[in-house]
Amino acid sequence: PLDKDNILLHGIGVGAQREGVEPQLALRGLEQWLDGAPLVAFHSAFDETMIQRAMQTTLGHKLSNPWVDLALVAAAVRPDLKARTLDDWMEQFGIRCAVRHQAAADSLATAELLLKLWPAAQAQLGSADFAALQRLAAQWRWLQR
């Protein structure tokens, strides 16, 4: 079923939705393209839940890729900045996003934010690898409250 509010937010109209591929094909393609790579998302709980639910429902299994929430990493490595939303963080670092709430543009903005935060993460962690970022995000989830 088509949701008018969703169409207005994401700009993916009825015609574009009808031209899409079947969920099984799309999710298999995503899984193949990801090839086990670690996943970074801003407020990742939504993305991870949505993707994992679709994978389980459609393909009968979940992705095994590790995830990290960049919102938690950002807050942990730059507590001096009082930013909460992706838009706030983009403003702090002068990151421009061509079209907000469009997957490709939001992904690029998230990647640019990761690059801006990387030096601070390396300085704080000694060396920033994905596992260290995951640990930092997990710790910050409890410390920020």
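I will try to describe carefully the structure that is included in this document.

A few words now on unusual backbone geometry. Here the phi dihedral of Asp-35 falls at roughly 50°; this positive angle occurs in a residue that is not glycine. Mapping Asp-35 onto the fold places it in the loop between helix H3 (23-34) and strand E1 (39-41). Classification of Asp-35 by relative accessible area gives exposed; the value is 67%.

With that settled, the discussion passes to the environment of Ala-132. You can see Ala-132 is positioned in helix H8 (residues 130-143). On the basis of relative accessible area, Ala-132 is assigned to the buried category, the value being 5%. Remark: the alpha-carbon pair of Ala-132 and Gln-122, spanning ten residues in sequence, is separated by 9.5 Å. Setting aside its immediate chain neighbours within four residues, Ala-132 contacts Leu-125 and Ser-127.

On to the packing of helix H5 (residues 70-77) against helix H7 (residues 103-125), then. In contact at an axis separation of 9 Å, H5 and H7 are set at 40° when each is read in the N-to-C sense. Regarding the angle of H5 to H7, the classification is oblique. When you trace H5 past H7, the crossing you get is left-handed. From H5, Leu-70, Ala-74, Ala-76 and Val-77 reach across to H7, where they touch Thr-110, Leu-113, Leu-114, Leu-117, Ala-120, Ala-121 and Gln-124. Looking at the contact of H5 with H7, its residues break down into nine nonpolar, two polar and no charged.

Quick look at the environment of Gly-29 now. In this fold, Gly-29 is placed in helix H3. Here the alpha-carbon distance between Gly-29 and Gln-102, two residues 73 residues apart in the chain, equals 19 Å.

Here we come to the nonpolar core. Formed by 27 residues in total, the largest nonpolar core has its most connected members in Phe-42, Val-73, Trp-89, Phe-93, Leu-113 and Leu-117. With seven residues, the single largest contributor to this core is H5. Contact partners of Phe-42, with chain neighbours within four places excluded, come to Asp-47, Asp-69, Leu-70, Ala-71, Arg-84, Thr-85, Leu-86, Trp-89, Thr-110 and Leu-113. Core analysis: the next-biggest nonpolar cluster, separate from the first, contains eight residues, Leu-34, Leu-39, Leu-59 and Trp-67 among them.

Counted by the stated rule, this structure contains three salt bridges. Where Asp-80 meets Arg-78, a salt bridge forms, and the shortest distance between an N and an O atom there is 2.7 Å. Between Asp-87 and Arg-100 there is a salt bridge, and its shortest N-O distance comes to 2.7 Å. Of this pair, Asp-87 sits in helix H6 (residues 86-93) while Arg-100 is found in the loop between H6 and H7, placing the two residues 13 residues apart along the sequence. For Arg-100, a relative accessible area of 24% puts it in the partly exposed group. Here the salt bridges share partners, and the residues they tie into one network are Asp-87, Arg-100 and Asp-106.

Here the focus is the packing of aromatic side chains. Evaluation of the coordinates by the stated rule reveals one aromatic pair. Ring centres of Trp-89 and Phe-93 lie 6.3 Å apart, and the angle between their planes is 15°; this geometry places the pair in the stacked category. Taken together, the residues span about one helical turn, with Trp-89 and Phe-93 both in helix H6 at a distance of four residues. Phe-93 shares its class with Trp-89; the two are buried.

Procedures and definitions
- Residues numbered from 1 in each chain as written.
- Predicted model: local features only at pLDDT ≥ 70, side-chain atom pairs only at ≥ 80, totals over all residues.
- Heavy atoms only, no water.
- Helix = DSSP H or I, 4+ residues; strand = E, 2+ residues; numbered from the N terminus.
- Buried < 20%, exposed > 50% of the residue type's maximum accessible area, 1.4 Å probe, protein only.
- Contact = heavy atoms within 4.5 Å.
- Axes fitted to C-alpha atoms, helices over the stretch in contact; angles between N-to-C directions.
- Parallel < 35°, antiparallel > 145°, perpendicular 65-115°, else oblique.
- Left-handed = near helix turned anticlockwise from the far one by under 90°.
- Nonpolar A, V, L, I, M, F, W, Y, C, P; charged D, E, K, R; others polar.
- Core = buried A, V, L, I, M, F, W, Y, C linked by side-chain atoms within 4.5 Å.
- Salt bridge = Lys/Arg side-chain N within 4 Å of Asp/Glu carboxyl O.
- Phe/Tyr/Trp six-rings, centres within 6.5 Å; stacked < 30°, edge-to-face > 60°.

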